[in-house]
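Inside the fold
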Amino acid sequence: MAVLKPKVFRFESLPSTNTELARLASEGAAEGVSIVADEQTAGRGRLQRAWSSPKGAGLYFSILLRPVIPQNYWPLITFMAALAVGDALSEAAGVQTDIKWPNDLLSGERKICGILAEAIDTPAGRAVIVGIGINLTQNAFPPQLANVATSVAEATGQAMSHVVDRERILAVLLDALSRWYSLLDEPERIVDAWSNRSSYAIGKLVQVSNGDDVWQGTTSGIERDGALRLRTTSGEIKLVRAGDVYRIRASKNEL
Ligand code: BTN
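Residues numbered from 1 in each chain as written. Predicted model: local features only at pLDDT ≥ 70, side-chain atom pairs only at ≥ 80, totals over all residues. Heavy atoms only, no water.

Structural notes on the domain arrangement of the protein
- Segmentation of the protein into domains returns domain 1 (7-196) and domain 2 (200-247).
- On the side of domain 2, 17 residues touch domain 1, which itself brings 20 residues to the contact.
- Taking both partners together, domain 1 and domain 2 bury about 1500 Å²; carbon and sulfur atoms supply 53% of that area.
- The three residues of domain 1 that bury the most area against domain 2 are Tyr73, Lys100 and Trp101, which together make up 42% of that side's buried surface.
- Summed over the shared surface of domain 1 and domain 2, the result is 4 salt bridges.
- For Arg247, the salt bridge goes to Glu109, with nearest N and O atoms at 2.5 Å.
- Our enumeration of links across domain 1 and domain 2 arrives at 8 residue pairs in polar contact (both at pLDDT 80 or more).
- Elements with a minimum of two residues in the side of domain 1 that touches domain 2: helix H2 (75-93), strand S4 (98-100) and helix H5 (187-197). (Domains from an automatic or database assignment. Contact = heavy atoms within 4.5 Å. Buried area = accessible area lost by both parts, 1.4 Å probe. Salt bridge = Lys/Arg side-chain N within 4 Å of Asp/Glu carboxyl O. Polar contact = N/O pair within 3.5 Å; in protein donor to acceptor, adjacent residues only side chain to side chain. Helix = DSSP H or I, 4+ residues; strand = E, 2+ residues; numbered from the N terminus.)

A closer look at the pattern of salt bridges
- Across all of its chains, the model carries 23 salt bridges by this definition.
- The salt bridge involving Asp87 is made with Arg197; its shortest N-O contact spans 2.7 Å. Pair noted here: Asp87 is in helix H2 and Arg197 is in helix H5, with a separation of 110 residues, a long-range link.
- For Asp87, a relative accessible area of 9% translates into the label buried.
- We classify Arg197 as partly exposed; its relative accessible area is 28%.
- The salt bridge partner of Glu109 is Arg249, with a shortest N-O separation of 3.1 Å. Taken as a pair, Glu109 in the loop between strand S5 (104-107) and strand S6 (110-122) and Arg249 in the segment after strand S12 (244-247) lie far apart in primary sequence, 140 residues in all.
- With relative accessibility at 37%, the residue Arg249 sits in the partly exposed group. (Buried < 20%, exposed > 50% of the residue type's maximum accessible area, 1.4 Å probe, protein only.)

Observations regarding the site of the ligand
- Neighbouring the ligand are 19 residues, the closest being Ser16, Gln40, Arg44, Arg46 and Lys111.
- Gln40 places a polar side-chain atom, nitrogen or oxygen, 2.9 Å from a nitrogen atom of the ligand.
- Contact between the ligand and Arg44: a nitrogen atom at 2.6 Å from a main-chain N or O atom of the residue.
- Relative to its unbound accessible area of 410 Å², the ligand is 98% covered by the protein chains.
- Assessed atom by atom at 2 Å from the grid points, the ligand resides in the largest pocket.
- Listed by contribution, the elements that provide at least two residues to the shell around the ligand are helix H1 (17-26), strand S3 (58-65), S6 and strand S7 (125-135).
- Considering every element that reaches the shell around the ligand, the biggest residue donor is S6, with 4 residues. (Near = heavy atom within 4 Å. Areas by Shrake-Rupley, 256 points an atom, 1.4 Å probe, with all protein chains shown as cover. 1 Å grid on protein atoms, 1.4 Å probe; cavity = no way out; pocket = protein on both sides within 12 Å on 5 of 7 lines; lining within 4 Å. Sits in = over half its atoms within 2 Å of the grid points.)

Structure below.
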């Protein structure tokens, strides 16, 4: 059983907490070393996208993991991170979330948190940086994203005190990460818990795009290694290991 002991370092401003933690990891930082920044000037998202990170608007957090499970199960690391964020938002803020494969946390179908896990080589072996960005206020993202993004402040209808609420969410998140990380050598428990919390695991009509590949179909469960099973419109089962998933609404009139 993996035991995680987070140790948090705080910064006012960094280009990216993931980038800074990768630097520390290459200098030999231990598992559990974590970074929080008040703002990021070059925050990064999945698929080379930028992650807007204005001061006081979000929780910008990264943690270093040195997992011992076989590498083909490493996608479950983002699953366990999504479960931990779900716990933190529920316990610390009363916000219930859905998970969109592979690791977006949604509130009211809009994104409230993104997770960027990056594998890196370090002198002490291959490691993973898990970066978590939680929108605390509506200022976390540009106004043109308001139809697809949301924040803890909007979901709770309450103004956030950046420092107090961020610290409370962070404290619960660290506990939850330690709890879920200890289950990483039991893939079915992670996958079952993830599937129970995700409306995307089974029976969702979606479009999946990965580069030039685009498929449409219905989700039909999660493999033990975290791959999304998709029954395509031609009836074939595809295992999706990378890409973006978009919900397709069944009827043009559906809101
Ligand atoms: C995504 O949904 O595209 C992933 C977003 C991940 C953002 C977080 S914020 C903290 C950490 N540092 C970064 O530069 N990115 C991640």
